[in-house]
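Architecture at a glance
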Amino acid sequence: MTNAYRIAAIPGDGIGIEVIEAGLEVLDALSRRLGSFALDVENFDWGSDRYKREGRFMPEDGAQQLRGFDAILFGAVGAPDVPDHLSLWGLRLAICQPLDQFANVRPTRILPGIQSPLRGVAPGDLDWVIVRENSEGEYAGQGGRSHRGLPHEIATEVSIFTRAGVERIMRFAFDLARSRERKQLTVVTKSNAQRYGMVLWDEVAAEVAQDFPDVQWDKMLVDAMTVRMTLDPASLDTIVASNLHADILSDLAAALAGSIGIAPTANINPERNTPSMFEPIHGSAFDITGKGVANPVGTFWSAVMMLDHLGETEAAARLMAAIEKVTAAPACHTPDLGGAATTRDVTRAVIEAL
Ligand code: ATP
Ligand code: MG
């Protein structure tokens, strides 16, 4: 039997276009190889070029257009001549928020053959999943500016934390921690300095923890967390933090695991009444756009997460095994990993390894 899925591909800008092309090629090869699933892919040319032409990154009903799909594969958005806050809010968040993809999941692991910048850290010593609250918090988009340009100009950036919002991400994180071997969760806040929203996080964590007696959990302040991630990576497993804090921690995590070009992410709506979105964590990287050297591994790993989410666990495992076989070979490393391989080389190698 062949399971068929409708996939929306949004390559976006810069190297997003290059890595999504590579990702779709690999998925197509995997589907042919296994025959157990088929993808009907529709391409959306949303992004900064469209913004420069039409004043919008995507059509007004863009999020609505995506609702009928089983999953979304996203590249990257952002261009040197477009302010970053416009592209982020005009495309990524304009999809995540209406589709209520409130859980952003970022696995971090040192893949075979990849060198961590940390001294003496072996692959098994760093195996984390960071869960980022993806719908509110510091990126709720609330605030404003007054007295523009004057010395007494004021800008406010208001964080919104709702009990319902914190509780659903906390339950998601505890559930995820429970599904992993170590059943261990670290809740990251900054409740010593941010005394409303972050204290709510602490309280909700303690409440939800009661329903997960089999999960061992602890609390960390975000500043101390950066130190622990760097000096004692093996002490961590599943991590949950607010939108801003997890955004920062997951970039650190990606760097500690070897390269930002490898790291995947999933924007999940666990209720599954809207599609979830899968994307490499890196941006559009115009410094290397068009050179054919973008590392496509972050996109391939995101495709693994997408297959897992769709229930195609065998296909997901097959693709992950192929990725690990390829990263193990230094000849298949792109320049961000210190190698000389091209996007094409890596793509071909993964297809061969399938
Ligand atoms: P954005 O503004 O959308 O975040 P960016 O241009 O800042 O995009 P980042 O993704 O933040 O790009 O990456 C920072 C740098 O890391 C890039 O400029 C690029 O040199 C490198 N980089 C990022 N992703 C990759 C990749 N997939 N392969 C190789 N190098 C990468
Ligand atoms: Mg960037």
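What you see as residue numbers is a count from 1 along each chain, following the sequence as written. Both sets of labels track the order of writing: A upward for chains, 1 upward for ligands. The model is predicted, so local features are restricted to residues of pLDDT at least 70 and side-chain atom pairs to those at 80 or more, both for listing and for counting; the totals for chains, interfaces and linings are taken over all residues.

1. Overview of the site of ligand 1
What makes a residue near a molecule or strand is its C-beta atom, placed from the backbone, lying within 6 Å of it. Around ligand 1 sit 18 residues in total, of which Gly78, Gly261, His282, Gly283 and Asn295 are the nearest. Here the shell around ligand 1 is composed, by residue class, of 7 nonpolar, 8 polar and 3 charged. Lys, Arg, Asp and Glu make up the charged group, whereas Ala, Val, Leu, Ile, Met, Phe, Trp, Tyr, Cys and Pro make up the nonpolar group; the residues left over, Gly among them, are polar.

2. Description of the sheet that holds strand β11 (residues 264-268)
Here, a strand pair is defined by DSSP locating no fewer than two bridges between the strands. Every helix listed is a DSSP run of H or I at least four residues long, and every strand listed is a run of E at least two residues long, numbered separately from the N terminus. Pairing is mixed in the open sheet, where 10 strands are placed in the order β2-β1-β3-β12-β11-β4-β5-β10-β8-β9. The open sheet has two edge strands with one neighbour each: β2 (37-43) and β9 (216-221). Taken pair by pair, the neighbouring strands of this sheet meet at an average axis angle of 25°, ignoring direction. Across 3 bridges, the pairing between strand β4 (residues 103-109) and β11 is antiparallel. By the bridge assignment for β11, Val105 is matched with Ala266. Residues are defined as contacting one another if the C-beta atoms placed from their backbone atoms lie within 7 Å. Here, axes are lines fitted to C-alpha atoms. For helices the fit covers the stretch in contact, and angles between N-to-C directions go from 0 to 180 degrees. Contacts from helix α5 (residues 163-179) reach β4, β5 (127-133), β8 (184-189) and β10 (238-241), with the element oriented near 165° to β5.

3. A word on the packing of helix α7 (residues 222-231) against helix α8 (residues 243-256)
Where α7 meets α8, the closest approach of the two axes is 11 Å, and the angle between their N-to-C directions is 15°. Between α7 and α8, the angle is such that the two are roughly parallel. Handedness of the α7/α8 crossing: right-handed. Judged by residue contacts, Val222, Met225, Thr226, Met229 and Thr230 of α7 engage His245, Leu249, Leu252, Ala253 and Leu256 from α8. When grouped by side-chain class, the residues that make up the contact of α7 with α8 number 7 nonpolar, 3 polar and no charged. Here the angle decides the label: under 35 degrees means roughly parallel, over 145 means roughly antiparallel, 65 to 115 means roughly perpendicular, and every other value means oblique. A crossing counts as left-handed when the near helix is turned anticlockwise from the far one by less than a right angle, and as right-handed when that turn is clockwise.

4. Quick notes on the environment of Arg180
Turning to its location among the elements, Arg180 is positioned in the loop between α5 and β8. Through-space distance from the C-alpha of Arg180 to that of Val129 is 9.6 Å; in sequence the pair is 51 residues apart. Discounting chain neighbours no more than four positions away, the residues touching Arg180 are Asp237 and Thr238.

5. Some thoughts on the nonpolar core
Of all hydrophobic cores here, the largest spans 97 residues; its most connected members are Ile72, Leu73, Val131, Val240, Phe278 and Ala303. Sequence-distant contacts of Ile72, defined by excluding residues within four places in its chain, comprise Ala8, Ile10, Leu66, Pro275, Met277 and Phe278. A set of buried residues drawn from Ala, Val, Leu, Ile, Met, Phe, Trp, Tyr and Cys, joined through C-beta atoms within 7 Å, is what defines a nonpolar core. As a rule, residues whose C-beta atom has 12 or fewer other C-beta atoms within 10 Å are exposed, those with 20 or more are buried, and those in between are partly exposed; C-beta atoms are placed from the backbone.

6. Remarks on the environment of Pro270
Assignment of secondary structure puts Pro270 in the loop between β11 and β12 (276-280). Of the residues examined, Pro270 has 18 C-beta atoms within 10 Å and is grouped as partly exposed. Excluding residues within four positions of it along the chain, Pro270 makes contact with Ala103 and Phe172.

7. Digging into helix α4 (residues 84-96)
With 13 residues, α4 ought to run about 18 Å at 1.5 Å a step, and its terminal C-alpha atoms sit 17 Å apart, in line with that. Buried residues belonging to α4 abut β1 (3-12), α2 (48-54), α3 (62-66), β11 and β12. Working rule for helices: expected span equals 1.5 Å times residues minus one.

8. So, α8
For α8, with 14 residues, the first-to-last C-alpha span of 20 Å sits near the 20 Å given by 1.5 Å per residue. By the burial criterion, the buried members of α8 are Asn243, His245, Ala246, Asp247, Leu249, Ser250, Ala253 and Ala254. Those residues of α8 that are buried are in contact with β4, β5, β6 (137-146), β8, α7 and β10. Gly258 sits one or two residues past α8 and shows a positive phi near 125°.

9. Details of the pairing of strand β7 (residues 154-160)
Residues in a regular strand point their side chains to alternate faces of the sheet. For β7, the tally of buried residues reaches only 0 of 7 residues, placing the bulk of the element at the surface. Relative to β7, β6 is paired through 6 bridges, and the arrangement is antiparallel. Along β7, the bridge assignment pairs Ser146 with Ile154.

10. Quick notes on the confidence of the model for the chain
Per residue, pLDDT measures the predictor's confidence, with a range of 0 to 100. Residue-level pLDDT values for the chain average 96, and 100% of them are 70 or greater. Overall fold confidence (pTM) sits at 0.94, and the ipTM for the predicted complex is 0.94.

11. A few points about unusual backbone geometry
For His147, which is not a glycine, the phi torsion comes out positive at approximately 55°. Its place among the elements puts His147 in the loop between β6 and β7. Under the C-beta neighbour-count criterion, His147 is labelled exposed, with 10 such atoms within 10 Å. With phi around 45°, Ala285 is a residue other than glycine that occupies positive phi space. If you trace the backbone, Ala285 turns up in the loop between β12 and α9 (297-310).

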